[in-house]
Amino acid sequence: MAHHSNEPQITVLPPDKEKIKKLWTVAGILGAVTAVEFIIAFTMHHGAAKTSLFVILTIVKAGYIVGEFMHLRYEVKVLFWAILIPTLFIIWMLVAFVYEGMQLPVF
Amino acid sequence: MSHSSAATVSEKSVWDGGSSPMGASYGKLMMWFFLLSDAFTFSGLLITYGLVRSSHPAFEGLPEAFTFSTEYWPVPEKVFEAVPFLHGITLPLVFVGIMTFILIMSSVTMVLAVEAGHRMDRKAVEKWMLWTIIGGITFLSCQAWEWTHFIVGTDTPTMVKDFVNGQWITKEVTGASLKINQYGPQPFADFFFFITGFHGFHVFSGVMFNFLIYYNTVTGVYDRRGHYEMVEKVGLYWHFVDLVWVFVFTFFYLV
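Below is a short write-up of the structure. (Residues numbered from 1 in each chain as written. Chains lettered and ligands numbered in written order. Predicted model: local features only at pLDDT ≥ 70, side-chain atom pairs only at ≥ 80, totals over all residues.)

In this section: the nonpolar core. Across soluble globular proteins, you tend to see nonpolar side chains buried next to one another. Residues and elements named next belong to chain B. Ranked by size, the top nonpolar core spans 70 residues in total, and within it Ala-113, Val-231 and Val-248 carry the most contacts. Per-element tally for this core: the top contributor is helix 8 (residues 229–254), with 18 residues. Residue contacts for Val-231: discarding those within four places in its chain leaves Ala-113, Val-114, Gly-117, Val-125 and Ile-213. (Core = buried A, V, L, I, M, F, W, Y, C linked by C-beta atoms within 7 Å. Buried ≥ 20, exposed ≤ 12 C-beta atoms within 10 Å, placed from the backbone. Helix = DSSP H or I, 4+ residues; strand = E, 2+ residues; numbered from the N terminus. Contact = placed C-beta atoms within 7 Å.)

Rendered as structure tokens:
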């Protein structure tokens with residue numbers, strides 16, 4: 001099959017060292033943030049401060065995954081906002097659920 | 001469809017689909033919007049978890065004094081503290097941490113496969129796809145163990161009130177199911193099965209897709225097609241699975 005006349009000519013480009021290094025850096029950051037979360041889990045007292053810290057660190061991780069791994073940061077601005085703006089509805093969902101939840105009888 | 005070369009596309013005028021305003025192919029856009037809708041599904045599950053949890057009383061005592069009871073919501077790090085082959089040793093959240101690490105690593109190998117695809121490097125795509133598949137299978141195996149441990153339960157049973165034949169009785173319970181649960185209020189077990197199960201099924205589907213991509217790479221489908229965009233699209237899905245796990249890890253296990 002390799003000698004088929006219709007086989008397209010493929011030029012393999014060399015690895016982009018800089019890009020690959022950057023990807024490993026992002027992986028390192030994700031690992032480090034997870035490690036920090038672990039430390040917080042066992043050193044801080046349970047409360048609003050701990051929870052908000054977890055939420056912030058989670059959003060940081062999400063930002064790196066979506067921005068770098070999923071490449072959204074480098075996409076056309078229209079696509080970037082088309083994906084990001086609808087996630088505001090999740091905040092609406094949270095507010096709506098909490099509001100509805102307050103009307104529920106306690107289990 | 002994807003065989004159509006760039007030349008035939010550029011002949012069309014802008015309003016005939018000659019250009020893509022979002023700078024991405026139809027397939028890639030649809031993958032993004034599917035993932036957006038999937039994000040809503042997972043948000044629904046996690047927000048409901050938070051609400052049901054907050055409607056139950058929390059454990060007030062010292063962490064050392066914690067025991068399982070259906071009277072209050074359990075502390076997650078007291079439930080998930082076992083590691084395979086280390087029975088009886090208390091290692092809170094260590095196994096979940098390992099699972100998180102595995103999934104992050106498989107995300108890295110996936111993005112390296114995408115990078116290799118951009119360079120038309122078939123051998124490198126094969127290598128990194130294989131590592132991604134191995135990572136996914138390892139994660140699923142870990143989850144299978146975690147589920148088994150959760151279902152079988154701890155060495156010492158918990159006294160649980162149950163409604164049997166029209167009356168309330170108290171009985172010893174080990175482990176959990178959708179009907180009865182030793183760790184705390186029943187919804188805790190139900191949410192565990194639904195949230196980690198729904199995510200696990202996404203991982204399972206992802207492994208299937210990854211295998212398909214690997215197969216097509218090996219058989220030279222993408223070389224003949226002239227681009228490796230499918231690796232990119234499935235890559236988006238795989239990263240999303242990792243992204244969801246980051247949220248599950250925080251809101252189910254850490255908080």
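What follows is about the interface of chain A and chain B. Across the contact, 43 residues belong to chain A and 42 residues belong to chain B. Among the secondary structure elements, those contributing two or more residues to the side of chain A that touches chain B are helix 1 (17–43), helix 2 (48–69), helix 3 (77–84) and helix 4 (88–102) of chain A. Looking at the side of chain A that touches chain B element by element, the count peaks at ten residues for helix 1 of chain A. Of the residues that constitute the side of chain A that touches chain B, the class distribution is 31 nonpolar, seven polar and five charged. (Nonpolar A, V, L, I, M, F, W, Y, C, P; charged D, E, K, R; others polar.)

So, on to the pairing of strand 1 (residues 158–164) of chain B. All names here are of chain B. Of the strand pairs in this sheet, strand 1 and strand 2 (residues 167–173) are connected by seven bridges, and their pairing is antiparallel. Its bridge partner lying in strand 2, Asp-162 is registered against Ile-169. Between the antiparallel neighbours strand 1 and strand 2 lie two residues, among them Asn-165 with a positive phi of about 50°. (Pairing = 2+ DSSP bridges.)

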